[in-house]
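Notes for the structure review
Below, each chain spelled out in residue letters.
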Amino acid sequence: MDYQLFDYGDQAIVIELGKVIDPEINRRVQLLGQLIMKAKIPAIETIIPAYATLTVTFNGQITNGKMLRQRLVPIIESSLSGDLPVAKTWLIPVAYGGEYGPDLRDVADYGGITPTEVIRLHTAQKYLIYFLGFLPGFAYMGTVPDQIAMPRLASPRLKIPAGSIGIAGQQTGFYPVTSPGGWRIIGQTPLKLYQPENPVSFYQAGDQIQFEAVTPAEFKAIQLTVQAKTYQPREAE
Amino acid sequence: MAFLQVIEPGLQTTIQDTGRVDAQRFGFPASGSVDRAATRLANLLVGNAEGTAVLEFPLVGPTLEFERSTFIALTGARFKAELNHALIPMNQCLQVQAGDILKIGPVEKGRIGYLAIAGGIQTAPVLGSQSTTIRLHLGGFHGRALEAGDLIPIKKQTVLTSFYHRRAQAQRLPNQDEIIKIRLIKGPQWQWFDHLNQQRLFQGTFKVTNQADRMGYRLGGTKLQVPKKNLLSTATVRGALQIPQNGEPIVLMADRQTTGGYPVIAVIATIDLGYFAQCQAGQKIQFELITLEQARQALDQLRQELDQFEQTVLAGKYRPPYGISRVASQRISRMLEE
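Owing to the predicted nature of the structure, the values given are computational and were not obtained by experimental measurement.

In this section: the domain arrangement of chain A. Residue and element names in this part refer to chain A. What the domain assignment lists for chain A is domain 1 (4-78) and domain 2 (89-235). Inter-centroid distance (C-alpha atoms) of domain 1 to domain 2 is 29 Å. The interface is formed by 8 residues belonging to domain 1 together with 10 residues belonging to domain 2. When contributions to the side of domain 1 that touches domain 2 are tallied by element, the ones reaching two or more residues are helix H1 (23-39) and strand S3 (44-49). In terms of residue count, H1 provides more of the side of domain 1 that touches domain 2 than any other element does, 3 residues in total.

Next up, the structure:
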């Protein structure tokens, strides 16, 4: 496998293992991240994995990119083999369309299909969590079928409600907290995906997510159990 | 434990340190103070370690009552500040007594001020940092900006006179009547933009809009044309100039999302990040392209200057003239440090 290194400002280096969303490439990104953290290089502040890139941020007052590259290259070379643990699959209930998914119709028009067909396509498969990013608990997942792979909005919305399920090109995901964002919102889950008192999410990078369509009535019923803190996340059999 | 009582909270006063940098791996924003040099200076002036939690306040500062005597220092933007109705200087160590009221008013120049208190603010760290991320109700004081009536835990301080002489020069702040210069390094998607738009970035004049907060500052004045390509989401960095489809750059700040999908044409050199963060709405800006090497050299020089200042401050602690009380207090001070 080929890789590229480039500078990102004066305190970060990007290691690019590919340019596409690909489970195999992402596995390498995860593995590389683990190996770099294990190496405990003092100047490194953190690593930020994404689909096909691993960004290493460092303290520019301790080291510089040139010196750091020399440390990173052997680790990258050694990361090009190795396995990750077996994935779990989590079920996430979603109410699609209407007030829950204001962009469902646009996504349907984009693909020249009906909203029902969009829902069928979106729930028909499991999505791999490539990484958690953007916000705590925000899982980057792919890949959605071409018909519903609508590009993100030209100008991001200032406020998207927590639990919203969106599409951005071939990516799909949910907004764990209310935030600005440019994804096409097709639905919403009643689950609380982020809790400040317990900030670490139940799903992890490398797990899979399966969406399940629910009616507004079911949405409200689940929401009550979530509020009562009796809801348990469900795994697929 | 001692307390600091919030009389007036100011516009958005939060507890900040150097941020939960490592938690970015799990998607948590780094947060932390937006003007790192000002924060370091404030801590240095009151004898705190670098990275000690301070109060950060944009545009209008808080009014606070001290329950016990301690040392404080105000740095960053220039604010009108009064201690018991008497104006006090910024950028120097000051002693406050029990019952004193510090009123930090509206900003006079710059945008963001810092208040360091000897021993630091004593809230519980979350994922390795006391920094507040308001959007996520995370860290700081109950995950929010300070409110009137809050009692902020601070370290109980044995008051020593040995910090009195600690003062620094006022930092560089953007002048509202001028077009200021900010240095940039080419970003990862620099090549996505055609020559005309690359030039526009350096020949155009930009303006900080009122859509500016701890997440990012949106710029107006000049628009850039973005190629219609979908970018795979990737990590963000502080100071990145991302260009959404509407062509108005957004400069990513401390509370930025950890990853993003808009192309990044350039990144503000770390040396100018704090200076940029101090811009108020309406501030006119021109960008200047520098090489990575130049950015590194500038950063290195800043580090040397700050280290040197730190040395001066530490050495000055034991410099004459010593009064009778100072000799004694410094002995005690040394004993406490040992």
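Bringing the packing of H1(A) against helix H2 (residues 65-78) of chain A into the picture now. All names here are of chain A. Viewed as axis vectors pointing N to C, H1 and H2 meet at an angle of 135°, and their least axial separation amounts to 9 Å. Taken as axis vectors, H1 and H2 run oblique relative to one another. Read as a crossing pair, H1 and H2 show a hand that is right-handed. Contacts between H1 and H2 pair Leu32, Leu35, Ile36 and Ala39 from the former with Ile75, Ile76 and Ser78 from the latter. Of the residues belonging to the contact of H1 with H2, the class tally is 6 nonpolar, 1 polar and no charged.

Residues and elements named next belong to chain B. Taken domain by domain, chain B holds domain 1 (2-173) and domain 2 (179-290). Of note, the centres of domain 1 and domain 2, computed from C-alpha atoms alone, are 28 Å apart. Opposite the 21 residues of domain 1 that make contact, domain 2 presents 13 residues. Those elements that provide at least two residues to the side of domain 1 that touches domain 2 are helix H1 (36-45) and strand S8 (101-117). When its residues are assigned to classes, the side of domain 1 that touches domain 2 shows 8 nonpolar, 8 polar and 5 charged.

Calculation notes
Residues numbered from 1 in each chain as written. Chains lettered and ligands numbered in written order. Predicted model: local features only at pLDDT ≥ 70, side-chain atom pairs only at ≥ 80, totals over all residues. Domains from an automatic or database assignment. Contact = placed C-beta atoms within 7 Å. Helix = DSSP H or I, 4+ residues; strand = E, 2+ residues; numbered from the N terminus. Axes fitted to C-alpha atoms, helices over the stretch in contact; angles between N-to-C directions. Parallel < 35°, antiparallel > 145°, perpendicular 65-115°, else oblique. Left-handed = near helix turned anticlockwise from the far one by under 90°. Nonpolar A, V, L, I, M, F, W, Y, C, P; charged D, E, K, R; others polar.

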